[in-house]
Each structure stands twice: as C-alpha cells, then as structure tokens.
Amino acid sequence: MSAPPSAGSARGGEFPAAALRAQFPALERAGAFVFFDNAAGAQVPQRVVDAVTAHLIEHNVQRGGRYARSAAVDAVIQGAREKVAAFINARRAEEVAFGMNATSFIRLVSLAIGQTLGERNEIIVTDLDHEANVATWLALAPLGAAFRWWRMRADGRLHCEDLASCLGPRTRLLACTCASNALGSVVDVQRAAGLVHTVGGEIFLDAVHYAPHGPLDVQSLDCDYLVCSAYKVFAPHMGFLWGRYPLLAALPTFREDFIPDRPPGKIEAGTFVYENVAGLAAAIDYLAELGRTLAARDGGNGAGGLRADCQVAMEGIRAYEQGLSRELLRVLREAGADIYGVTEESQLAQRVPTVCFNLPGIAPAAVAEAAARAAIGIRDGHMYSPRLMQRLGLSPESGAVRVSLVHYNTVAEIHRFRDVLMGLSP
Ligand SMILES: Cc1ncc(COP(=O)(O)O)c(C=O)c1O
C-alpha cells in the first residue's frame, strides 16, 4: 500500500478527532470506556444508525417488487453499490457484491476457483494472514490444489523478494492480506500483484484489516479480487466482495437456475441484510464528509466527488493514525513489552495502529483483564491467526495481547492504557 503524506497529523493541520468522536453515539454514551478492540469491529456514526433505522421504518420489504417501497430497496442497494465502488475505486458498480461477512465470501470464491484448477493448481497462502484467508484455500486440497507458503520474516512483514520463489507456471492465485489483523504490518500488495501477474496468476486480497486505516484503490493495486468486512469500516455487520468483472462473470458460483449468470446477482444468492447495506452507504458518506472537511481545511474546494473525498479522508486517517502508532509503541516500550512486528520509528508507514505484544512474566489474559477492570476493551489470544502465533513462538491458546486503534481513538486514551500497564507486575 502507498505511504501516507505525513506522520502524526493530517496534511497541513490537526486531525478533527474530537469533532469526529462526537458523531459516534457509542463513544458519547460509553463515558470513560476506551474502545481499543477495533480490529474486532468498529463503532458506527449516528448517520449509520439513522440510515439503518430509516430503512427498517420506511421500506423494510423485499426488493424486486413493482411497488414503490420495494423499488426503494432496489435503489438503496444500487446506491450503496455505487458508493462502495467509489470507496475502492472499482471500474463499475456491478463488480461489488454484498453478503454476510468476509469469511463467507472467501469461501464462495475459493470453492468456485477450486472447480477450475486444472494444470494451474498452485495457491500461495501466507503465515501472516487471518485464518479465514488461509484455511478456506487449504480446504481445496481434495480438489487438486497444491500450496506454497509466502512466509513472514522475523520483522513481522511479508517481503516481496520472498514471493518470487513461490511463483511459477502453475501459480493460480495468491491469497494475501493488505494488513495483518494481529501485527498491523502493511503488505506491499501492489508489488505482489505485479509479480503474480507476470506468471499469469491472480491475486485475492483480504482488505478487512486495512480498510479502516488507509485508502483502497483496486485499479492502482491492480488486484483481481478483494474482500472487506463493513463492520470494520464504521458500518453494521456485513461484508462485501469486489472482483474484476470478467473474472466474476466466469466464476462458477452456486445460484438457482433462474438467476442470470451475471455479477453481482450470481454472487448474492439469497437475501442479505438490506438495512445494513443502507448503513454501509451512510458510513461511506461519513468518510466522504471527513474528506471534504480535510480538503477544505487544507484550502481545497472538495469538489472532486465521492471517490476523491474518500481518498482524502483515508489519507488523513492514515497520517493521523501514524501518530497513534508512534505513541502506542513508545508507551509499550516504556512498559517493557515484547512487541511483535514493526517497531522502528522510520518504519511507521509499514504498519497500522494494531499492535500485538506480551509483558514478560504476565499472561496475556491477565493484561486484558486488568485493562477491562480499568474500562479499556482490548483482546488477548491468537487473533484468529494461530499459525502466526506459532511463528512468533507463542502458544496459540494464550497468544498475545492486541490493542487495535482507529481514527476516533486519541493519545489521551493511550495514556490511560499506559497507566494500566505500569500498574502490572509479574
Ligand atoms: C484480516 C481479517 N480477515 C478476515 C476476517 C474475517 O472477517 P469476517 O468476520 O467478516 O468473516 C477478519 C476478522 O476479524 C480479519 O481481521
């Protein structure tokens, strides 16, 4: 992913964290509680709540009917498709499909690809990924898939130099994350896509963890498939899939015979949660508004449209979050933590503010419990990446402690967390 414009604050001025926090009712109502478990799901702004509520009250009916309420549902879905397309810079809205979550989409695509392996049967997986983007592909072994592992180095990062030896004439697909949900490491997926394409393979990106932290652009990344969980990007619980139109058109997906073999319908068998789709559209509006605010503050007119607004917002978030990463890492070092992954100041662009660590002699669960007593929500365990925990020499059962921040978190909250760490002793 590309490097942010600057570290610590958004281009040219302070990031409006306080004004943004005021838009999140959960933050307002939670009082002193600190949301530091955002990698497991983020809070939603008021406009998302309003959009979900309005949908349920005004047109909670099935789509595809001839009456106005039903037509309104079709319009909500189409509008949301166009907004997601702008958010990720898709070439056309039909490349975006809605559904339950990222895992079910990875399974759907992997099952389809598993039916078309032939001679090109090698799938590359990584030991940095969430297990949802590993086990789903490994499950294709009975269909003839063979596997290559792109392994993380000791610095907690995937290096493209190591990918080259995994590639060959049988490479069908690389399944890899844009950023680690455990270590926060960012992957150079643009370069990885270029390498995979040189041998005629495809790349499937898990953007779930990266999406709330920086701009996504499927055209400049030159990827083939990308999956995302809306509930990590300030929207309700649901997921979406993007794929290049010709690839989606060719995928042998399950659908009833009367459903046309065309995206996105061929990927959306059954009913999905329309009110959450309305909420996702509102979350993108929230980000676009942030983009306009940042552009205006920096002297722009914000007239670039939804895509440009989202890009500015996510660049601003990326820059602000680097300041959060810097302070969080400093506090963890002060507490004597063993931090896994990128820690150097000069490498902050290689991570998002998701940090896994352990305190010597203290069980991860004890750290999370102490934080909970201090009204700070964090997580301990394997983070759904048990292979990664093993690579780190940790037991997948107890794993590590993870603190995961997003743009509505603040340095003051990090200092509350420091007080908890400083109060712990082995
Ligand atoms: C990187 C990553 N990939 C995949 C998933 C699975 O997403 P979902 O819950 O939408 O299936 C998660 C969930 O935390 C994740 O962090």
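All of the points below concern the structure found in this document. (Residues numbered from 1 in each chain as written. Predicted model: local features only at pLDDT ≥ 70, side-chain atom pairs only at ≥ 80, totals over all residues. Heavy atoms only, no water.)

So, the packing of helix α4 (residues 68-88) against helix α12 (residues 305-334)
And then number 1: Put simply, α4 and α12 touch, their axes get as near as 8 Å, and they point 50 degrees apart. Relative to α12, the element α4 lies oblique. Between α4 and α12 lies a crossing of right-handed hand. Counted together, Lys83, Ala86, Phe87 and Ile88 of α4 and Leu306, Arg307, Cys310 and Met314 of α12 form the full contact between these two elements.
And then number 2: Broken down by class, the residue content of the contact of α4 with α12 amounts to six nonpolar, no polar and two charged. (Axes fitted to C-alpha atoms, helices over the stretch in contact; angles between N-to-C directions. Helix = DSSP H or I, 4+ residues; strand = E, 2+ residues; numbered from the N terminus. Parallel < 35°, antiparallel > 145°, perpendicular 65-115°, else oblique. Left-handed = near helix turned anticlockwise from the far one by under 90°. Contact = heavy atoms within 4.5 Å. Nonpolar A, V, L, I, M, F, W, Y, C, P; charged D, E, K, R; others polar.)

Some details on the nonpolar core
And then number 1: Phe98, Trp150, Phe357, Ile378 and Phe417 are the most contacted members of the largest nonpolar core, which totals 115 residues.
And then number 2: No other element matches helix α11 (residues 274-297), which puts twelve residues into this core.
And then number 3: Listed in part, the 26 residues of the second largest apolar core include Val125, Leu173, Tyr225 and Leu241. (Core = buried A, V, L, I, M, F, W, Y, C linked by side-chain atoms within 4.5 Å. Buried < 20%, exposed > 50% of the residue type's maximum accessible area, 1.4 Å probe, protein only.)

Quick notes on the sheet that holds strand β4 (residues 146-150)
And then number 1: Overall, mixed pairing links the seven strands, which are arranged β2-β8-β7-β6-β5-β3-β4 in an open sheet. The two strands at the open ends of the sheet, each matched to only one other strand, are β2 (96-99) and β4. Averaged over all pairs of adjacent strands, the angle between strand axes in this sheet comes to 20 degrees, irrespective of strand direction.
And then number 2: Alignment of strand β5 (residues 171-177) against strand β6 (residues 202-206), held across five bridges, turns out to be parallel. Residue leucine 173 lies in a different strand from β6, and its bridge partner there is glutamate 202.
And then number 3: Relative to β6, helix α8 (residues 189-198) is tilted by about 155 degrees, and along the sheet it contacts β4, β5 and β6. (Pairing = 2+ DSSP bridges.)

Some thoughts on the pairing of strand β13 (residues 400-404)
And then number 1: Here β13 lies mainly inside the structure; five of its five residues are buried.
And then number 2: Both faces of β13 are covered, namely the face carrying Ala400, Arg402 and Ser404 and the face carrying Val401 and Val403.
And then number 3: Pairing of strand β10 (residues 354-358) with β13, which is carried by four bridges, proceeds in the antiparallel orientation. Residue pairing across strands places cysteine 356 opposite arginine 402, the latter belonging to β13.

Overview of the site of the ligand
And then number 1: The immediate surroundings of the ligand are formed by Ala39, Asn101, Ala102, Thr103, His130, Asn181, Asp206, Val208, His209, Ser229, Tyr231 and Lys232.
And then number 2: In the environment of the ligand, an oxygen atom lies 2.7 Å from a nitrogen or oxygen atom belonging to the side chain of serine 229.
And then number 3: Within the side chain of lysine 232, one N or O atom sits 2.5 Å away from an oxygen atom of the ligand.
And then number 4: In isolation the ligand exposes 390 Å². Once the protein is present, 89% of that is buried.
And then number 5: Here the shell around the ligand is built from residues that sort into four nonpolar, six polar and two charged. (Near = heavy atom within 4 Å. Polar contact = N/O pair within 3.5 Å; in protein donor to acceptor, adjacent residues only side chain to side chain. Areas by Shrake-Rupley, 256 points an atom, 1.4 Å probe, with all protein chains shown as cover.)

Details of the side chain of arginine 81
And then number 1: Following the sequence through the fold, arginine 81 ends up in helix α4.
And then number 2: Polar side-chain contacts of arginine 81 include one of 2.8 Å to the backbone oxygen of valine 96.
And then number 3: Residue contacts for arginine 81: discarding those within four places in its chain leaves Arg63, Ala93, Val96, Ala97, Phe98, Pro264 and Glu268.

Some words on the packing of aromatic side chains
And then number 1: Taken as a whole and assessed by the stated rule, the structure comprises 13 aromatic pairs.
And then number 2: Seen from their ring centres, phenylalanine 272 and tyrosine 274 are 5.2 Å apart, and the 85 degrees between their planes marks the pair as edge-to-face.
And then number 3: In textbook terms, an aromatic cluster arises when at least three aromatic residues are bridged by ring pairs, as seen for Phe24, Phe234, Tyr286 and Tyr408.
And then number 4: Taking the ring centre of tyrosine 245 as reference, the NZ or CZ of arginine 92 above it sits at 3.8 Å. (Phe/Tyr/Trp six-rings, centres within 6.5 Å; stacked < 30°, edge-to-face > 60°. Lys NZ or Arg CZ within 6 Å of the ring centre and 35° of its normal.)

Section: α11
Quick reminder: α-helices carry 3.6 residues per turn. Residues three or four places apart thus point the same way.
And then number 1: For α11, with 24 residues, the first-to-last C-alpha span of 35 Å sits near the 34 Å given by 1.5 Å per residue.
And then number 2: Following α11 by one or two positions, glycine 299 adopts a phi angle in the positive range, close to 90 degrees. (Expected span 1.5 Å × (residues − 1).)

Notes on the pairing of strand β7 (residues 225-229)
And then number 1: Counting buried residues in β7 gives five out of five residues, a clear majority hidden from the surface.
And then number 2: On β7, burial covers both faces: Tyr225, Val227 and Ser229 on one face and Leu226 and Cys228 on the other are all buried.
And then number 3: Where β6 lies against β7, three bridges are found, and the strand directions are parallel. Bridged to aspartate 206 within β7 is valine 227.
And then number 4: Pairing of β7 with strand β8 (residues 239-243), which is carried by five bridges, proceeds in the antiparallel orientation. Counterpart to serine 229 in the pairing with β8 is glycine 239.

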